[in-house]
Amino acid sequence: MLIFSIIMEIEKVDNKDDYLSNIEPVDQSIDYRQQMIDRYGSIDIEEYPKDIDSWVEDSDKIALIRFCSGLVEKEHSWAPPVMADIITKKMYYDTIKNMDRKEYELEKQRDKELSVVEKELMKIKDERDIHKFVGDTADAIEAAVNNDENEVID
């Protein structure tokens, strides 16, 4: 068993040397930053207007950003913090952009007529529905990925 372990370690070193020998040296005379700006500088980045969410109540903005943040933490845990913030903001603004303002205002008007208990029960039900949908979707994606992996292996 010891001999087998030693052979495996030697193979790792050999593979590492092969890998390192295929790396091309970095050309210090090239300005890679400028090259990146030249190639991708003209790409339009989607900018959201400052007042895109002005009609949404602050409490709903906070709830939405927290939900998006939690979803990003769960679904994109691999992302570094800066990227996670970008994904969270994109989800938030895309959601606001796709919301039906009239439906939102009707819902807020209806909420004014409900008691606090009724409102909270509705919120709890909505949160359960959202989490169930997100969970079912994530499970379906995971199952599809696992099926693809199993098909490749078989």
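Conventions adopted
- Residues numbered from 1 in each chain as written.
- Predicted model: local features only at pLDDT ≥ 70, side-chain atom pairs only at ≥ 80, totals over all residues.
- Heavy atoms only, no water.
- 1 Å grid on protein atoms, 1.4 Å probe; cavity = no way out; pocket = protein on both sides within 12 Å on 5 of 7 lines; lining within 4 Å.
- Points joined across faces, edges and corners; volume = space filled by probe spheres on them.
- Helix = DSSP H or I, 4+ residues; strand = E, 2+ residues; numbered from the N terminus.
- Nonpolar A, V, L, I, M, F, W, Y, C, P; charged D, E, K, R; others polar.
- Salt bridge = Lys/Arg side-chain N within 4 Å of Asp/Glu carboxyl O.
- Buried < 20%, exposed > 50% of the residue type's maximum accessible area, 1.4 Å probe, protein only.
- Core = buried A, V, L, I, M, F, W, Y, C linked by side-chain atoms within 4.5 Å.
- Contact = heavy atoms within 4.5 Å.
- Patch = residues over 30% accessible without salt bridge, like charges linked within 9 Å, V, L, I, M, F, W, Y side chains within 5 Å.
- Areas by Shrake-Rupley, 256 points an atom, 1.4 Å probe, with all protein chains shown as cover.
- Lys, Arg positive; Asp, Glu negative; His and termini not counted.
- Charge placed at Lys NZ, Arg CZ, Asp CG, Glu CD.
- Polar contact = N/O pair within 3.5 Å; in protein donor to acceptor, adjacent residues only side chain to side chain.
- Axes fitted to C-alpha atoms, helices over the stretch in contact; angles between N-to-C directions.
- Parallel < 35°, antiparallel > 145°, perpendicular 65-115°, else oblique.
- Left-handed = near helix turned anticlockwise from the far one by under 90°.
- Expected span 1.5 Å × (residues − 1).

Asks: What am I meant to see in the layout of surface pockets here?
Replies: Any space left empty among the atoms is revealed by the rolling of a water-sized probe across them. Estimated volume of the largest pocket: approximately 1,100 Å³. Lining the largest pocket are 26 residues, and of these Asp60, Ala63, Glu107, Asp126 and Ile130 lie nearest its centre. Elements supplying a minimum of two residues to the lining of the largest pocket: α3 (58–75), α4 (81–98), α5 (101–113) and α6 (116–153). Looking at the lining of the largest pocket, its residues break down into nine nonpolar, three polar and 14 charged.

Asks: Looking at this structure, I do not really get the pattern of salt bridges. What am I missing?
Replies: Oppositely charged side chains can pair when the atoms bearing their charge come close. All told, the structure shown has ten salt bridges when counted by the stated rule. Between aspartate 60 and lysine 108 there is a salt bridge, and its shortest N-O distance comes to 2.8 Å. Of this pair, aspartate 60 sits in helix α3 while lysine 108 sits in helix α5, and the two are 48 residues apart along the sequence. Lysine 108 matches aspartate 60 in its accessibility class, with the two residues each being buried. A salt bridge links arginine 110 to aspartate 111; the nearest nitrogen and oxygen atoms lie 3.1 Å apart. You can call arginine 110 partly exposed: its relative accessible area is 36%. Among the charged side chains, a salt-bridge network with shared partners connects Glu57, Asp60, Lys108, Arg110 and Asp111.

Asks: Please clarify how the nonpolar core should be interpreted in this entry.
Replies: Within soluble globular proteins, side chains that are nonpolar tend to cluster in buried spots. In this structure, Tyr48, Ile52, Trp55, Val56, Leu64, Cys68, Tyr92, Ile96 and Tyr104 together form the largest nonpolar core, which totals nine residues. Those elements that place two or more of their residues in this core are α3 and α4. With sequence-adjacent residues up to four places away left out, isoleucine 52 is seen in contact with Tyr93, Ile96 and Lys97.

Asks: Hey, could you run me through a negative patch on the surface in this one?
Replies: A cluster of acidic residues, Asp100, Glu103, Glu107, Asp126 and Glu127, forms a negative patch on the protein surface. Mapped onto the negative patch, the elements with two or more residues apiece are α5 and α6. If you trace the backbone, aspartate 126 turns up in helix α6. Looking at aspartate 126, the relative accessible area reads 38%, which means it is partly exposed.

Asks: For this particular structure, what's the right way to read the environment of aspartate 94?
Replies: Mapped onto the secondary structure, aspartate 94 falls in helix α4. In sequence terms aspartate 94 and tyrosine 48 are 46 residues apart; their C-alpha atoms lie 9.1 Å from each other. Beyond its immediate stretch of four places on either side in the chain, aspartate 94 contacts Glu46 and Tyr48. Within the structure, the side chain of aspartate 94 is placed 2.8 Å from the side chain of lysine 90, a separation counted as a polar contact.

Asks: Explain the packing of α3 against α4 here, please?
Replies: Helix packing for two helices is described by the angle between their axes and how far apart those axes are. The interhelical angle for the contact between α3 and α4, taken along N-to-C directions, is 135°, at an axis separation of 9 Å. Classified by the angle between their axes, α3 and α4 sit oblique to one another. Judged by the sense of rotation from one axis to the other, the crossing of α3 with α4 is right-handed. Between α3, through Lys61, Leu64, Ile65, Cys68, Ser69, Leu71 and Val72, and α4, the contact on the second element is made entirely by Ala84, Ile87, Thr88, Met91, Tyr92, Thr95 and Ile96. Its residues assigned to classes, the contact of α3 with α4 comprises ten nonpolar, three polar and one charged.

Asks: Is there a simple way to explain α5 in this structure?
Replies: Helical geometry note: an α-helix holds 3.6 residues per turn, so side chains three or four residues apart project in the same direction. Here α5 contains 13 residues, and its C-alpha end-to-end distance of 19 Å stays within 8% of the 18 Å for a straight helix at 1.5 Å per residue. For α5, the N-terminal capping position is held by aspartate 100, with its side-chain oxygen 3.2 Å away from the main-chain nitrogen of lysine 102.

Everything listed here is a matter of coordinates, which is why it stays silent on function.
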